[in-house]
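Summary of the model geometry
So you can see what is in the structure, the chains are spelled out below.
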Amino acid sequence: MKVKVYSESKHPLPAYKTSGSCGMDVYADLEEAIVLEPLERVKVPTGLYFEIPEGVEAQVRARSGLSLKQGLTLINGIGTIDSDYRGELCVLMVNLSKEEVTIEDGERIAQIVFTNYLTAEWEEVDAFEALSSTDRGEKGLGHTGLH
């Protein structure tokens, strides 16, 4: 799959690091470092713009090393870049640690993964009973846990 990318960044384009990688690291493109206090949120620019094929989304995910070692993660869990978005990729980060954390220019701050998706068309029914029954039924959170 080809994805058009325009870069204003002074850093390399995201790239797969190993033959088994599904994600590519994305770099912070900063004029100066960002200092994040505990629980502070920030939008980190990358200098990257994409044209993603229709039927494909780009998912922006946290880097496990940053999350574990520094407490930095994504505010929205996984960010989605839709195929019709043409703005700059900015990574929404939060500091979940108890100490301030500095994000430096060129630091790998997230990873990007491309995946196909389906779109849904609603088929509205008149009653709950019109939905098919299953063994699970309405059992929700924790229903498979130990008793």
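See above for the structure.
The structure displayed is predicted, hence computed values, not measured ones. (Residues numbered from 1 in each chain as written. Predicted model: local features only at pLDDT ≥ 70, side-chain atom pairs only at ≥ 80, totals over all residues. Heavy atoms only, no water.)

Some remarks on the packing of aromatic side chains
- One pass over the structure, following the stated rule, counts two aromatic pairs.
- Ring geometry for F50 and F114: centres 6.5 Å apart, planes at 80°, overall edge-to-face. With a gap of 64 residues between them, F50 in strand 4 (residues 41-51) and F114 in strand 10 (residues 108-116) connect regions that are remote in the sequence. (Phe/Tyr/Trp six-rings, centres within 6.5 Å; stacked < 30°, edge-to-face > 60°. Helix = DSSP H or I, 4+ residues; strand = E, 2+ residues; numbered from the N terminus.)

A look at unusual backbone geometry
- Although it is not a glycine, L39 sits at a positive phi angle of roughly 65°.
- Secondary-structure assignment places L39 in the loop between strand 3 (34-36) and strand 4.
- Since its relative accessible area comes to 58%, L39 is described here as exposed. (Buried < 20%, exposed > 50% of the residue type's maximum accessible area, 1.4 Å probe, protein only.)

Looking at the pairing of strand 2 (residues 24-27)
- Along strand 2, one buried face is formed by M24 and V26 and the opposite face, lined by D25 and Y27, is buried too.
- As paired elements, strand 2 and strand 10 share four bridges and run antiparallel to each other. Residue pairing across strands places V26 opposite A110, the latter belonging to strand 10. (Pairing = 2+ DSSP bridges.)

Considerations on the sheet that holds strand 1 (residues 4-7)
- Taken together, the four strands give an open sheet; going across it, the order is 1-4-8-6, and neighbouring strands pair in antiparallel fashion. The open sheet has two edge strands with one neighbour each: strand 1 and strand 6 (72-74). With direction set aside, neighbouring strand axes in the sheet form an average angle of 45°.
- As paired elements, strand 6 and strand 8 (residues 88-95) share three bridges and run antiparallel to each other. From the neighbouring strand, L74 faces strand 8, where its bridge partner is M93. (Axes fitted to C-alpha atoms, helices over the stretch in contact; angles between N-to-C directions.)

Describing the side chain of E107
- Within the secondary structure layout, E107 lies in the loop between strand 9 (101-103) and strand 10.
- No salt bridge is formed by the buried E107. Its closest oppositely charged neighbour is R63, at 6.3 Å.
- The residues touching E107, leaving out its near neighbours within four places in the chain, are V26, Y27, A28, L66, Q70 and T102. (Lys, Arg positive; Asp, Glu negative; His and termini not counted. Salt bridge = Lys/Arg side-chain N within 4 Å of Asp/Glu carboxyl O. Contact = heavy atoms within 4.5 Å.)

Some details on the pairing of strand 10
- When strand 5 (residues 56-61) meets strand 10, the two strands line up antiparallel, connected through six bridges. Each bridged residue has a counterpart across the sheet, and for R61 the counterpart in strand 10 is Q111.

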